[in-house]
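Overview (structure and organization)
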Amino acid sequence: MMTTTTTTGADGFVEILQAHSRRYHDQHPFHVRMNAGRLSRRQIRGWVANRFYYQENIPRKDAAILSNCPDLEVRRRWIRRIIDHDGNAGGEGGIEAWLRLGEAAGLTREEVKDHRHLVPGVRFAVDAYVNFARTRPWVEAVASSLTELFAPNLMAARLAAFERWYPWIDPEGLVYFRARLEQAPRDCEHALEVVTAHCLSAESQARAVDALSFKCDVLWSLMDAIDQAYPE
Ligand SMILES: O=C(O)c1cc(C(=O)O)c2c(n1)C(=O)C(=O)c1cc(C(=O)O)[nH]c1-2
């Protein structure tokens, strides 16, 4: 028996993906309080120390996508993400920039790197994301990165909020967020290109949407765990 698949037009598909902005972690109460200037030093430091685990694992997630991806052209562009985070040499890259954010906020590099502040829920959420990229088809893993469509607005709001409300953080430490303002739009343009080119059937589009939902849950759970560990 033949099965028929109804394909959502490319525009409808992209609209459904975009609509996930409603589930993005910018609306998490902890982020709302952060951007309204209502977090204490301890809470900001807790967030920075815990989010480091996400930063550290992003390149491992991207390496998993590379290892599962048979398409040379995609790999050639995707590899840039790993270099953005790891840098080409000591003192470079997003992970280093995040450590400097920690220092600007009054944390030592050691206490960020040795995970002494890392709470179990953050570890579980981040590990789930890396595991997803390792075990799911590579196009779904690419789709899961599409939360970056929504990141630049949050990044711009966060930069303004940090400068306004948290002047005790050395502004030099905010370099990471400025870099992401440029990197995130470039990265998600590529990811969207890949997903729209590969997900042509209703089934594959539904799997891409599920992957993006999963990622929204990863980010939300991560924030829940931080919120619970550093109450008001
Ligand atoms: O601070 C944030 O709110 C935020 C969110 C996201 C995101 O939406 O996944 C990323 C980042 N930052 C980020 O810095 C980053 O490098 C990054 C990579 C990815 C990804 O899924 O490949 N997301 C994000």
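Everything below is about the structure printed above this text.
Reference entry: report on the structure contained in this document. (Residues numbered from 1 in each chain as written. Predicted model: local features only at pLDDT ≥ 70, side-chain atom pairs only at ≥ 80, totals over all residues. Heavy atoms only, no water.)

**What about the overall build of the chain?**
Scanning the chain for helices and strands turns up 11 helices and zero strands. In terms of C-alpha radius of gyration, the chain reaches 18 Å, essentially the compact-globule figure of 17 Å for 232 residues. Considering the chain as a whole, with its 232 residues, one finds that 50% of them fall into the buried category. By sequence separation, contacts in the chain at least 24 residues apart represent 79% of the contacts at least 6 residues apart. Approximately 11,200 Å² of the chain is accessible, and the part contributed by carbon and sulfur atoms is 52%. (Helix = DSSP H or I, 4+ residues; strand = E, 2+ residues; numbered from the N terminus. Rg over C-alpha atoms; globule rule 2.2 N^0.38 Å. Buried < 20%, exposed > 50% of the residue type's maximum accessible area, 1.4 Å probe, protein only. Contact = heavy atoms within 4.5 Å. Areas by Shrake-Rupley, 256 points an atom, 1.4 Å probe, with all protein chains shown as cover.)

**Describing the site of the ligand**
In the vicinity of the ligand there are 20 residues, among which Tyr24, Arg51, Lys61, Tyr129 and Tyr176 approach most closely. Note that an oxygen atom of the ligand is positioned 2.8 Å from one of the side-chain N or O atoms of Arg158. Tyr176 places a polar side-chain atom, nitrogen or oxygen, 2.5 Å from an oxygen atom of the ligand. Looking at the shell around the ligand, the elements that each hand over two or more residues are α3 (41–68), α4 (72–86), α9 (151–165), α10 (175–198) and α11 (202–229). For the shell around the ligand, the element with the highest residue contribution is α3, accounting for five residues. The residue inventory of the shell around the ligand, partitioned by class, reads eight nonpolar, five polar and seven charged. (Near = heavy atom within 4 Å. Polar contact = N/O pair within 3.5 Å; in protein donor to acceptor, adjacent residues only side chain to side chain. Nonpolar A, V, L, I, M, F, W, Y, C, P; charged D, E, K, R; others polar.)

**A word on the pattern of salt bridges**
Counted according to the given criterion, the structure contains 20 salt bridges. The salt bridge partner of Glu140 is Arg136, with a shortest N-O separation of 3.0 Å. Residue Glu140 is classed as buried on the basis of its relative accessible area of 7%. Assessed through its relative accessible area of 37%, Arg136 is described here as partly exposed. (Salt bridge = Lys/Arg side-chain N within 4 Å of Asp/Glu carboxyl O.)

**Here's the deal with the environment of Ala229**
By the secondary structure assignment, Ala229 is in helix α11. Measuring from C-alpha to C-alpha, the distance between Ala229 and Cys199 comes to 39 Å, with 30 residues separating the pair along the chain. Leave out the neighbours within four places in its chain, and Ala229 touches Arg42 and Val119.

**A few points about the environment of Thr108**
Take Thr108: it is sitting in the loop between α5 (94–104) and α6 (109–113). We classify Thr108 as partly exposed; its relative accessible area is 37%. With 65 residues separating them in the primary sequence, Thr108 and Gly173 have C-alpha atoms 13 Å apart.

**Considering the packing of α4 against α10**
Packing of α4 against α10 leaves a shortest axis separation of 11 Å and a crossing angle of 160 degrees. Considering their axes alone, α4 and α10 lie roughly antiparallel with respect to each other. Between α4 and α10 the crossing geometry is left-handed. Touching Val74, Arg77, Trp78, Arg80, Arg81, Asp84 and His85 of α4 are Tyr176, Arg180, Gln183, Arg186, Asp187, Cys188, His190, Ala191, Glu193 and Val194, all from α10. (Axes fitted to C-alpha atoms, helices over the stretch in contact; angles between N-to-C directions. Parallel < 35°, antiparallel > 145°, perpendicular 65-115°, else oblique. Left-handed = near helix turned anticlockwise from the far one by under 90°.)

**Examining α10**
Between its first and last C-alpha, α10 extends 35 Å over 24 residues, near the 34 Å set by a 1.5 Å rise per residue. Where α10 bends most, the angle comes to about 35 degrees, and this point is Leu181, followed within four residues by the proline Pro185. Of all the positions in α10, only Tyr176, Phe177, Arg180, Gln183, Ala184, Asp187, Cys188, His190, Ala191, Leu192, Val194 and Val195 are classed as buried. (Expected span 1.5 Å × (residues − 1). Bend = angle between axes of the 7 residues up to and from the residue.)

**A word on the side chain of Glu148**
Counting through the fold element by element, Glu148 comes out in the loop between α8 (138–144) and α9. Since its relative accessible area comes to 13%, Glu148 is described here as buried. Here the side chain of Glu148 touches Arg81 through a polar contact of 3.4 Å, side chain to side chain. Here the side chain of Glu148 touches Arg180 through a polar contact of 2.2 Å, side chain to side chain. In this structure, Glu148 is in contact with Arg81, Arg180, Ala184, Asp187 and Cys188, ignoring residues within four places of it in sequence.

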